[in-house]
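Now for the letters of each chain:
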Amino acid sequence: MLDLIKDLWSFMRVRKKFWLAPIILILLLLGALLVLTQGSAVAPFIYTLF
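Residues numbered from 1 in each chain as written. Predicted model: local features only at pLDDT ≥ 70, side-chain atom pairs only at ≥ 80, totals over all residues. Heavy atoms only, no water.

J.: Give me the overall build of the protein chain: which residues, what numbers.
T.: From N to C terminus, the protein chain includes 3 helices and 0 strands. If you list the helices and strands of the protein chain from N to C, you get α-α-α. A burial count over the protein chain gives 10% of its 50 residues as buried. Surface accessibility of the protein chain: about 4500 Å² in total, with carbon and sulfur atoms responsible for 75%. (Helix = DSSP H or I, 4+ residues; strand = E, 2+ residues; numbered from the N terminus. Buried < 20%, exposed > 50% of the residue type's maximum accessible area, 1.4 Å probe, protein only. Areas by Shrake-Rupley, 256 points an atom, 1.4 Å probe, with all protein chains shown as cover.)

J.: Mind laying out unusual backbone geometry, listing which residues take part and the relevant values?
T.: Phi at Lys 16 takes a positive value of approximately 60°, unusual for a residue other than glycine. By the element assignment, Lys 16 lies in the loop between α1 (2-15) and α2 (20-36).

J.: Account for α1, with residues named and values stated.
T.: Here α1 contains 14 residues, and its C-alpha end-to-end distance of 20 Å stays within 8% of the 20 Å for a straight helix at 1.5 Å per residue. Burial runs low along α1: only 1 of the 14 residues are buried. After α1 finishes, the residue Lys 16 shows a positive phi value of roughly 60°. (Expected span 1.5 Å × (residues − 1).)

J.: Outline the confidence of the model for the protein chain, supporting the account with residue identities and numerical values.
T.: Looking at the protein chain as a whole, the pLDDT averages 83, with 88% of positions reaching at least 70. Of all the helices and strands in the protein chain, helix α3 (residues 43-49) carries the lowest mean pLDDT, 71, while α1 carries the highest, 90. (pLDDT = per-residue confidence, 0-100.)

Take a look at the structure:
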């Protein structure tokens, strides 16, 4: 997993694709939110967002 992050960062640095960083960060945060709230009482409220 750490190698993937290193490779992704080196790709963005070499190719000057820093605009990808916020997109990847938001996707990771949304994924973590869905995983963490999957079995909780907050889940029905999360599904209304999508």
